Amino acid sequence: MSANPRRLNIFIDGAWRESRSDAYMDCFDPSTGEVIARAPKASAAEVEEAVQAAQRAFPAWAKTPPSARVQVLFRMKALLDRHLDELTELCARENGKVLNEAMGDVLKVTEVVEFACGIPQLMKGSALLNCTPGYDTTQYLEPLGVFAGIAPWNFPAMIPMGWMAPLCIATGNTLVLKAASFTPQTSMRIMDLWQQAGLPKGVLNLVTCGRQEAELLLRHPDVKGISFVGSTSVGLHVYSVASANGKRVQALTEAKNHALVLKDCALERTARGIINSACGCAGERCMALPAVAVEEPVADRLVELLKKFMQELRIGPAYHKETQLGPLVNADHRRFVTDWIQKGVDEGARLVLDGRGVKVPGYEGGFYLGPTLFDHVRPGMAVGDQEVFGPVLCVKRVKDFEEGLALMNGNEFANGSVIYTQSGHHAREFVERTHGGMVGVNVGIPVPLGMFGFTGHKRSFFGDLHAMGQDGVRFFTEQKSVTSHWFTDAESQIGVANSWDGTIIMPDDKR
């Protein structure tokens with residue numbers, strides 16, 4: 001434990017305050033294993049105070065013209081640029097991502113802030129003059145009120161402050177953000193920047209709390225919608241409870257993304273792309289690539305290359321520039337992943353490379369796990385079908401494109417899918433027929449940029465409108481349709497109106 005771990009606060013109604021709770025949760029430096037901070041387990045009363053602060057702030061913020069709201073976002077973008085290195089270091093230190101991965105985590109916030117700066121254009125409605133004679137209709141997009149964001153620990157910057165906050169705020173809503181208890185410090189520092197950018201008090205509030213307290217957000221009558229990222233079991237619960245209470249929900253959940261490797265691919269480059277995708281962020285991302293279906297003629301060579309490149313990865317502290325694979329987030333999660341490795345062995349998969357037991361000199365207390373490679377993973381083996389969330393790669397051998405595609409589409413998750421090939425025909429067939437919601441052609445991590453939605457399918461997503469892009473704008477707004485008509489002098493003398501009030505044009509012979 002650090003000699004003096006930071007005691008973290010919560011942010012409600014424009015100010016940091018010490019929680020009244022006596023319960024605090026440990027936050028680690030995964031590279032050393034030390035406790036570096038303690039996050040409060042905010043009480044139900046404090047969560048309620050955050051909701052009420054957001055509710056009070058909503059009317060004035062919603063009435064603020066979009067062109068004025070985005071001035072805050074423009075200033076926020078400049079602050080993110082100015083503090084990029086600081087935020088990168090903080091993200092690496094609390095989460096375990098290596099520096100370039102942590103910087104990407106932060107830059108994904110900037111990306112969506114930039115997109116949200118276009119909200120005056122994105123929120124423009126539609127209109128039609130003279131829909132029927134003398135009647136005009138206009139549709140507006142309006143904010144709804146208070147939203148809640150429930151963020152996971154694996155992307156401390158991108159998900160809460162990129163996927164959730166910018167579009168919610170830009171569209172005129174207010175937000176109560178439940179930051180992840182393991183990794184809240186990056187979000188908290190970005191919260192400081194929102195304050196510096198001039199965001200009015202109450203528009204964005206941040207708490208850390210337990211599940212019981214977060215449950216209040218799912219049922220609270222003043223909360224209009226929930227944005228959630230996490231496990232499928234919890235996501236289903238969030239979706240079921242919140243939607244039953246009349247709320248909008250976008251719940252982004254687990255994945256088991258697959259790549260289909262065809263025999264005509266650029267094999268060495270493909271192997272390197274797979275390693276980056278499977279081991280990047282230590283595999284702790286829902287767009288990782290933990291499973292590969294490979295055509296038999298190149299399977300042996302691919303496994304050989306994968307093992308070679310995995311063994312070359314430099315494992316070490318996240319904040320050392322030379323490190324290529326950092327630690328897992330904490331001891332419990334490392335135990336979860338190592339249990340999965342043992343399960344794969346017990347199921348009969350061939351363990352080609354075992355990452356368990358890795359020690360980094362001088363950092364023996366860190367939560368390290370080396371890259372792990374399984375071959376001959378067969379259908380029905382849980383290690384190849386379920387989310388492991390670590391640097392564990394499963395190779396599944398198939399005889400051809402059709403068998404590989406069927407194997408991939410048979411999985412219950414469909415966040416992303418990838419094909420490695422030089423064949424335009426097979427690439428096009430794959431794009432059209434894969435179940436994956438985000439598809440890569442020779443791209444191992446096909447995460448779209450912020451102007452597009454994060455479009456997971458099947459049991460990787462529950463809801464109707466995805467995060468980011470136009471879906472994100474629609475999630476945080478609702479349409480209002482206004483039909484107008486101004487009476488002529490002759491109409492003013494008519495005593496009885498048509499029962500459709502002029503909004504339907506009747507055929508001449510039916511009038």
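Quick note: structure is the one above.
Residues numbered from 1 in each chain as written. Predicted model: local features only at pLDDT ≥ 70, side-chain atom pairs only at ≥ 80, totals over all residues. Heavy atoms only, no water.

**Student:** Looking at this structure, I do not really get the packing of aromatic side chains. What am I missing?
**Tutor:** Here the distance between the centres and the angle between the planes together describe a pair of aromatic rings. Summed over the entire model, instances satisfying the criterion amount to 9 aromatic pairs. Note on F147 and F475: the rings are 5.6 Å apart at their centroids and 55° apart in plane angle, and the pair reads as tilted. In this pair, F147 sits in strand β8 (residues 146-150) while F475 sits in helix α16 (residues 469-475), placing the two residues 328 residues apart along the sequence. We classify F147 as buried; its relative accessible area is 1%. F475 sits in the buried class, given a relative accessible area of 2%. A centroid spacing of 5.0 Å and a plane angle of 80° characterise the contact between F475 and F476, whose relative ring orientation is edge-to-face. Ring-pair connections join several aromatic residues into one group, and the members of that group are F147, F475 and F476. (Phe/Tyr/Trp six-rings, centres within 6.5 Å; stacked < 30°, edge-to-face > 60°. Helix = DSSP H or I, 4+ residues; strand = E, 2+ residues; numbered from the N terminus. Buried < 20%, exposed > 50% of the residue type's maximum accessible area, 1.4 Å probe, protein only.)

**Student:** Teacher, can you tell me more about the environment of A382 here?
**Tutor:** Secondary-structure assignment places A382 in helix α13 (residues 382-385). With a relative accessible area of 17%, A382 lands in the buried category. Linking A382 and L144, residues 238 residues apart in sequence, is a C-alpha distance of 42 Å. Excluding anything up to four places from it in sequence, A382 contacts W340, K343 and E347. (Contact = heavy atoms within 4.5 Å.)

**Student:** What am I meant to see in the sheet that holds strand β7 (residues 135-143) here?
**Tutor:** Each strand in a sheet pairs with another by means of backbone hydrogen bonds, the pair being arranged parallel or else antiparallel. Read across the open sheet, the 3 strands follow the order β6-β7-β23; overall the sheet is antiparallel. Looking at which strands have only one partner, the edges of the open sheet turn out to be β6 (126-132) and β23 (477-485). Across the sheet, the mean angle separating the axes of adjacent strands is 25° when strand polarity is ignored. (Pairing = 2+ DSSP bridges. Axes fitted to C-alpha atoms, helices over the stretch in contact; angles between N-to-C directions.)

**Student:** Where do I start with the layout of surface pockets in this structure?
**Tutor:** Using a probe with the size of a water molecule, rolled over the atoms, empty space left in the structure can be pinpointed. Size it by volume and the largest pocket reaches roughly 1000 Å³. If you go around the largest pocket, you meet 37 residues; those closest to its centre are W153, R211, G230, S231 and V234. Within the residue set of the lining of the largest pocket, elements represented by two or more residues are α8 (211-219), β11 (223-229), α9 (232-244) and α12 (331-347). Broken down by class, the residue content of the lining of the largest pocket amounts to 21 nonpolar, 10 polar and 6 charged. (1 Å grid on protein atoms, 1.4 Å probe; cavity = no way out; pocket = protein on both sides within 12 Å on 5 of 7 lines; lining within 4 Å. Points joined across faces, edges and corners; volume = space filled by probe spheres on them. Nonpolar A, V, L, I, M, F, W, Y, C, P; charged D, E, K, R; others polar.)

**Student:** When you look at helix α14 (residues 401-409) in this model, what are you seeing that I'm missing?
**Tutor:** In an α-helix, one full turn covers 3.6 residues, which means residues spaced three or four apart are oriented alike. Among the residues making up α14, those that are buried are F401, G404, L405, L407, M408 and N409. Next to the buried residues of α14 lie β13 (258-261), β14 (291-295), β17 (392-398), β19 (416-420), α15 (424-433) and β21 (457-458). One side-chain oxygen at the N-terminal end of α14 lies 3.3 Å from the backbone nitrogen of E402; it belongs to D400. (Polar contact = N/O pair within 3.5 Å; in protein donor to acceptor, adjacent residues only side chain to side chain.)

**Student:** I would appreciate a short explanation of the pattern of salt bridges in the present structure.
**Tutor:** When their charged atoms lie close together, side chains carrying opposite charge are able to pair. One pass over the full model with this rule turns up 31 salt bridges. Where D300 meets R397, a salt bridge forms, and the shortest distance between an N and an O atom there is 2.8 Å. Taken as a pair, D300 in helix α11 (residues 296-312) and R397 in strand β17 lie far apart in primary sequence, 97 residues in all. It is possible to trace a salt-bridge network through shared partners that takes in E296, D300, R350, D375 and R397. (Salt bridge = Lys/Arg side-chain N within 4 Å of Asp/Glu carboxyl O.)

**Student:** Hey, could you run me through the packing of helix α4 (residues 99-116) against helix α6 (residues 158-170) in this one?
**Tutor:** The angle between the axes and the distance between the axes are what describe a pair of packed helices. Close contact between α4 and α6 brings their axes to 8 Å; oriented N to C, the two are set at 10°. Classified by the interaxial angle, the pair formed by α4 and α6 is roughly parallel. Counting all contacts with α4, which are made through D105, K108, V109, V112, V113, F115 and A116, the residues of α6 involved are M158, M161, G162, P166, L167 and A170. Of the residues in the contact of α4 with α6, the class split is 10 nonpolar, 1 polar and 2 charged. (Parallel < 35°, antiparallel > 145°, perpendicular 65-115°, else oblique.)

**Student:** Can you help me understand the sheet that holds β19 in this one?
**Tutor:** A sheet is described by the order of its strands in space; here 7 strands give the open sequence β15-β16-β17-β14-β13-β19-β20, paired in mixed fashion. Each edge of the sheet is formed by a strand with only one pairing partner; in this case those strands are β15 (350-353) and β20 (438-441). Neighbour-to-neighbour, the strand axes of this sheet turn through a mean angle of 20°, independent of strand direction. Relative to β19, β13 is paired through 4 bridges, and the arrangement is parallel.

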